[in-house]
Structures are given as C-alpha cells and as structure tokens.
Amino acid sequence: MKDTSWIRERHWVEIYYPELKANIHVTYKRINNSEQLLKEFLDDSYTLTSKHQIKANAINETIATTPDGKVAVIAEIEGDVPSQFQFTMTDSTRHFIRGALYFNTQVSNDSLRPAIDYVKRDMMHLINTLKWK
C-alpha cells in the first residue's frame, strides 16, 4: 500500500472522503515478535483515544472478532470530539494496525451522525476483511 499521508511515516495511509470532508488515518506498524513494541503501540493507541475524554460524553470500547478470527478493539467516542470511531488490530507477533476517523469540519456530531455512520460501515468492512501480507 503506497503511503498517502502528508506526515509521510512509512505505512501511514489516509483514506479521504472529499464529499464528507472526512479522513480515516490508518497506521500500520511491524511488531517483529517484540512484546515491547506491541505494548508501546497499544499504549500509544490508548493514549490517543483517551485524549478525547475532555470533550467526550462516553468512550465505548468493544473487543470484536472478525469472521476469520482476527481480534479488533473498537472505540466509539460520543460527544463533540474530533474522532468518533477508532480501532486497533494485531496478530500479537508481526502486525499492528490502527485506524481513526476524523472530519475536517467544525465538530457537531448530531449533524454529522449520518456521515459518521456511513464511514463507520466502511471501517467495519475494512476490519472484517483485512488480510495480513
């Protein structure tokens, strides 16, 4: 997958929805059988999600298993926050991926609800069909 992020770190991709002014920031990292790296990536993801607590009404985390047995942690963040839906997935030994939805508009999740739900369906499709290569 070619990097499309302006940040330009290897394996960072942005999926852009121009009509919705939305992005899904996708970050892939190799774990290389390192428990330390896995812990670091999970801690970073938790920290990034928890930064929304200031404006969030709630952060609902769910552990989901995909049809082919992968495990994902999904965070749905309620309230007028910059990122309403985030996920992490890992095989615990080689691969780690994180995705986060952001809108490039003023945050007002009541009016954004249809767009949030639309992109959330795409993100769930990504989670349920992801293949490690």
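From a predicted model like this one, the values you see are computed outputs, not experimental measurements. (Residues numbered from 1 in each chain as written. Predicted model: local features only at pLDDT ≥ 70, side-chain atom pairs only at ≥ 80, totals over all residues. Heavy atoms only, no water.)

### Quick notes on the pairing of strand 1 (residues 12-17)
Consecutive residues of a regular strand have side chains that alternate between opposite faces of the sheet.
Move 1: Bridge count between strand 1 and strand 2 (residues 22-30): 6 bridges; the pairing is antiparallel. When the sheet's bridge partners are listed, I15 is paired in strand 2 with I24.
Move 2: Following strand 1, the chain reverses through 4 residues before pairing antiparallel with strand 2; K21 in that reversal takes a positive phi of roughly 55°. (Pairing = 2+ DSSP bridges. Helix = DSSP H or I, 4+ residues; strand = E, 2+ residues; numbered from the N terminus.)

### Here's the deal with unusual backbone geometry
Leave glycine aside and you will find that most residues have negative phi; peptide bonds, for their part, are mostly trans.
Move 1: A positive phi angle, close to 55°, is found at N32, a residue other than glycine.
Move 2: Tracing the backbone shows N32 in the loop between strand 2 and helix 1 (35-50).
Move 3: N32 gets classed as exposed once you look at its relative accessible area, which sits at 56%.
Move 4: Unusually for a residue other than glycine, S92 sits at a positive phi of about 75°.
Move 5: Inspection of the secondary structure assignment puts S92 in the loop between strand 5 (85-90) and strand 6 (95-103). (Buried < 20%, exposed > 50% of the residue type's maximum accessible area, 1.4 Å probe, protein only.)

### Focus on the packing of aromatic side chains
Move 1: Here the structure, examined in full by the defined rule, presents 3 aromatic pairs.
Move 2: Pairing Y28 with W132 gives two aromatic rings, centres 6.4 Å apart and planes at 45°, and the pair type is tilted. Of this pair, Y28 sits in strand 2 while W132 sits in the segment after helix 2 (109-129), and the two are 104 residues apart along the sequence.
Move 3: With relative accessibility at 18%, the residue Y28 sits in the buried group. (Phe/Tyr/Trp six-rings, centres within 6.5 Å; stacked < 30°, edge-to-face > 60°.)

### Here's the deal with the sheet that holds strand 1
Move 1: The strand order across the open sheet formed by 6 strands is 1-2-6-5-4-3, and the pairing between neighbours is antiparallel. Since the sheet does not close on itself, it has two edges, and those belong to strand 1 and strand 3 (58-65), each with one partner. Taken over all neighbouring pairs, the strand axes of this sheet differ in orientation by 15° on average, direction set aside.
Move 2: Examined bridge by bridge, strand 3 and strand 4 (residues 71-78) share 8 bridges and lie antiparallel to one another. Residue pairing in the sheet places I59 in a bridge with I77 of strand 4. (Axes fitted to C-alpha atoms, helices over the stretch in contact; angles between N-to-C directions.)

### Some thoughts on the nonpolar core
Side chains that are nonpolar tend, in soluble globular proteins, to be buried together.
Move 1: Counting 20 residues, the largest nonpolar core has I24, F87, M89, L101, F103 and M123 as the members making the most contacts within it.
Move 2: Put simply, the parts of the chain that give this core at least two residues each are strand 1, strand 2, strand 4, strand 5, strand 6 and helix 2.
Move 3: The greatest single-element share of this core, amounting to 6 residues, is contributed by helix 2.
Move 4: Setting aside residues up to four positions removed in sequence, M89 forms contacts with T66, K70, V71, A72, H95, F96, I97, I127, L130 and W132. (Core = buried A, V, L, I, M, F, W, Y, C linked by side-chain atoms within 4.5 Å. Contact = heavy atoms within 4.5 Å.)

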